[in-house]
Amino acid sequence: MQSQLSIRNISKIFKTGDGVKNISLEIAKGEMVTLLGPSGCGKTTVLRSIGGFLEPDSGDILIRGNSILQLPPEKRPTAMVFQSYNLWPHMTVYENLAFGLKIRKYTKADMEREVKAALEMVQLGSAASKHPTQLSGGQQQRVALARALLLKPDVLLLDEPFSALDAKLRMEMREELRDIQMATDMTMVFVTHDQEEALSISDRIVVMHGGQIEQLSTPQDIYDTPQSLFVANFIGRINVLKGVSDGQHITVGGLRLPNPKLELPIGHCIVAVRPEDMYLSEQEEGLTGHIRQVMVLGHYAEVSVNYEEEVLKVFVPRQQAATLHPGQPISLMFSKMNVFPEISVSEADK
Ligand code: ATP
């Protein structure tokens, strides 16, 4: 099947030597794909290249099979929502939305119908006559989203659209955006450095690092099976331990577990375990240490454990936390883990 958006081997290197290298990506119609990574990894450079605000040095970008690289931003079948809303303050909400349709020569009746529908979609049906300054940040971002949606772009680009909003509103907007995206079957490319945001709204996530794609997969797969220590560390919480592989098994402290990655070289390796995959045990064959701290965080508690030179984190049910106290000797067990070659430690620090 033809992709809605094809990014073929694009590179863009700035004079400083930073930029993105050999990015390739196929996105299907109706997919929500998130570009995720730390500051400076190249997310915005990719997004701006799709929108036409930056020209890649090499490679091609196609929408529904046609190259868009020669088209200026306003001629591309894309629309962009920015972090800073970019609304015109002297125009009403209605005028902000109608502007793009006027250029496209819509009749007044069509324009009114489309603007009304778009405002209702973002739950701002009654705000048409207001000016942006009379609206909250969240409402202004809804207007910016409505303005982009009513252009019915083949691909909607969103550049950290919710990062100026407070945490609660950000979560609400995320859910609303995902509802709209699924209801309209619109293809969206969303840039964020917030891993929780990416995990919660995406069909697929592109984890970027140092201008390249580090992993491209579903949120579940990226969380459960990170392909590198960088991804394991960047997405969610993880404990990193030293282990030894003899081929079939991995030994960590007093634990000997089946090796989940048989292609791993024999010898020293890195073992990464999520806090929710560890549990506390009375038996002594696990990783023996002492409880350092117990923090109740709602329905679960985060327990810090001193183990050799490391502090390991374990999530336990709230009820269990009440029985634990600092200084208590404890043994840690786990059966689910990811393993990486030892070299990944220095790679992940890059
Ligand atoms: P952030 O979340 O901070 O926006 P990002 O992942 O979106 O980060 P980009 O903005 O794509 O990263 O930048 C990638 C790299 O290219 C960075 O090192 C950045 O400093 C550099 N860069 C971006 N734009 C330019 C430019 N116009 N001139 C020179 N260097 C640039």
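Residues numbered from 1 in each chain as written. Predicted model: local features only at pLDDT ≥ 70, side-chain atom pairs only at ≥ 80, totals over all residues. Heavy atoms only, no water.

(A) How the structure looks around helix α1 (residues 43–51). Across the 9 residues that make up α1, a large majority, 7, are buried. Every buried residue of α1 is accounted for by Lys43, Thr45, Val46, Leu47, Ser49, Ile50 and Gly51. (Buried < 20%, exposed > 50% of the residue type's maximum accessible area, 1.4 Å probe, protein only. Helix = DSSP H or I, 4+ residues; strand = E, 2+ residues; numbered from the N terminus.)

(B) Quick look at the packing of aromatic side chains. Taken as a whole, this structure holds 5 aromatic pairs when the rule is applied. Consider the rings of Phe53 and Phe82, whose centres lie 6.2 Å apart with planes at 65°: the pair is edge-to-face. Separated by 29 residues along the polypeptide, Phe53 in the loop between α1 and β4 (58–63) and Phe82 in the loop between β6 (78–81) and α2 (93–103) bring together distant segments of the chain. Its relative accessible area of 37% is what places Phe53 among the partly exposed residues. Pairing Trp88 with Phe99 gives two aromatic rings, centres 4.8 Å apart and planes at 55°, and the pair type is tilted. One end of the pair, Trp88, is in the loop between β6 and α2; the other, Phe99, is in helix α2, and 11 residues separate them in sequence. Owing to a relative accessible area of 32%, Trp88 belongs among the partly exposed residues under this scheme. Its guanidinium or amino end placed over the ring of Trp88, Arg147 lies 5.2 Å from that ring's centre, counting from NZ or CZ. The ring centre of Tyr223 lies 4.0 Å from the NZ or CZ of Arg274, which sits over that ring. (Phe/Tyr/Trp six-rings, centres within 6.5 Å; stacked < 30°, edge-to-face > 60°. Lys NZ or Arg CZ within 6 Å of the ring centre and 35° of its normal.)

(C) Up close: the site of the ligand. Taken together, 13 residues form the shell around the ligand, and within it Ser39, Gly40, Gly42, Thr44 and Thr45 come nearest. With respect to the ligand, the side chain of Asp18 contributes an N or O atom lying 3.4 Å from an oxygen atom. Relative to its unbound accessible area of 630 Å², the ligand is 61% covered by the protein chains. It is α1 that provides the largest number of residues to the shell around the ligand, a total of 3 residues. (Near = heavy atom within 4 Å. Polar contact = N/O pair within 3.5 Å; in protein donor to acceptor, adjacent residues only side chain to side chain. Areas by Shrake-Rupley, 256 points an atom, 1.4 Å probe, with all protein chains shown as cover.)

(D) Just the layout of surface pockets, in detail. Considering only enclosed or pocket space, the largest pocket measures out at about 670 Å³ in volume. In this structure, the largest pocket is lined by 22 residues; those nearest its centre are Glu74, Thr78, Ala79, Met80 and Leu151. Of all the secondary structure elements, the ones that give two or more residues to the lining of the largest pocket are β6, α2 and α4 (137–149). Looking at the lining of the largest pocket, the element that brings in the most residues is α2, giving 5 residues. A breakdown of the residues in the lining of the largest pocket according to their chemical character gives 13 nonpolar, 5 polar and 4 charged. (1 Å grid on protein atoms, 1.4 Å probe; cavity = no way out; pocket = protein on both sides within 12 Å on 5 of 7 lines; lining within 4 Å. Points joined across faces, edges and corners; volume = space filled by probe spheres on them. Nonpolar A, V, L, I, M, F, W, Y, C, P; charged D, E, K, R; others polar.)

(E) Looking closely at the environment of Lys29. Structurally, the position occupied by Lys29 is in the loop between β2 (19–27) and β3 (32–36). Between the C-alpha atom of Lys29 and that of Val155, which follows or precedes it by 126 residues, the distance is 8.6 Å. For Lys29, the contacting residues outside a window of four places in its chain are Gln4, Asp185 and Thr187. Reaching out from Lys29, the side chain makes a polar contact with the backbone oxygen of Asp185 at a distance of 2.7 Å. (Contact = heavy atoms within 4.5 Å.)

(F) Seen up close, the side chain of Ser6. Summarising the element assignment, Ser6 is placed in strand β1 (residues 5–13). In terms of polar contacts, Ser6 uses its side chain to reach the side chain of Glu26, at 2.9 Å. The contact partners of Ser6, leaving out residues within four places of it in the chain, are Leu25, Glu26, Asp60, Ile61 and Leu62.

(G) How the structure looks around the sheet that holds β3. Read from one edge to the other, the open sheet built from 6 strands follows the order β6-β7-β8-β3-β9-β10, with strand pairing classed as mixed. Two strands lie at the open edges of the sheet, namely β6 and β10 (212–217), each paired on one side alone. Neighbour-to-neighbour, the strand axes of the sheet open up by a mean angle of 20°, direction not taken into account. Judged from the 5 bridges that link them, strand β9 (residues 204–209) and β10 form a sheet pairing that is antiparallel. Note on β10: the bridge partner recorded for Met208 is Ile213. Across the sheet, α1 is in contact with β3, β6, β7 (155–159), β8 (187–192) and β9; its angle to β7 comes to roughly 145°. (Pairing = 2+ DSSP bridges. Axes fitted to C-alpha atoms, helices over the stretch in contact; angles between N-to-C directions.)

(H) The arrangement of the nonpolar core in detail. Counting 35 residues, the largest nonpolar core has Leu97, Leu145, Leu149, Leu156, Leu158, Leu177 and Met188 as the members making the most contacts within it. Residue assignment for this core shows that the elements contributing at least two residues are β6, α2, α3 (108–121), α4, β7, α5 (167–184) and β8. It is α4 that contributes the most residues to this core, 6 residues altogether. When residues no more than four places from it in sequence are discounted, the contact partners of Met188 are Glu31, Met32, Val33, Leu149, Leu156, Leu158, Leu177 and Gln181. (Core = buried A, V, L, I, M, F, W, Y, C linked by side-chain atoms within 4.5 Å.)

(I) Representation of the confidence of the model for the protein chain. Averaged over every residue, the pLDDT of the protein chain is 93; residues scoring 70 or more account for 98%. Mean pLDDT across the elements of the protein chain bottoms out in helix α10 (residues 344–349) (50) and peaks in β3 (98). Model confidence for the complex is summarised by a pTM of 0.90, with the ipTM given as 0.94. (pLDDT = per-residue confidence, 0-100.)

(J) Local environment of the pattern of salt bridges. What the rule picks out here adds up to 20 salt bridges. For Arg8, the salt bridge goes to Glu26, with nearest N and O atoms at 3.6 Å. Of this pair, Arg8 sits in strand β1 while Glu26 sits in strand β2, and the two are 18 residues apart along the sequence. For Arg8, a relative accessible area of 43% corresponds to the partly exposed category. With a shortest N-O distance of 3.8 Å, Asp57 and Lys12 are connected by a salt bridge. You can see Asp57 sitting in the loop between α1 and β4 and its partner Lys12 sitting in strand β1, a full 45 residues away along the chain. Salt bridges sharing partners connect three or more residues here, namely Asp110, Arg113, Glu114 and Lys152. (Salt bridge = Lys/Arg side-chain N within 4 Å of Asp/Glu carboxyl O.)

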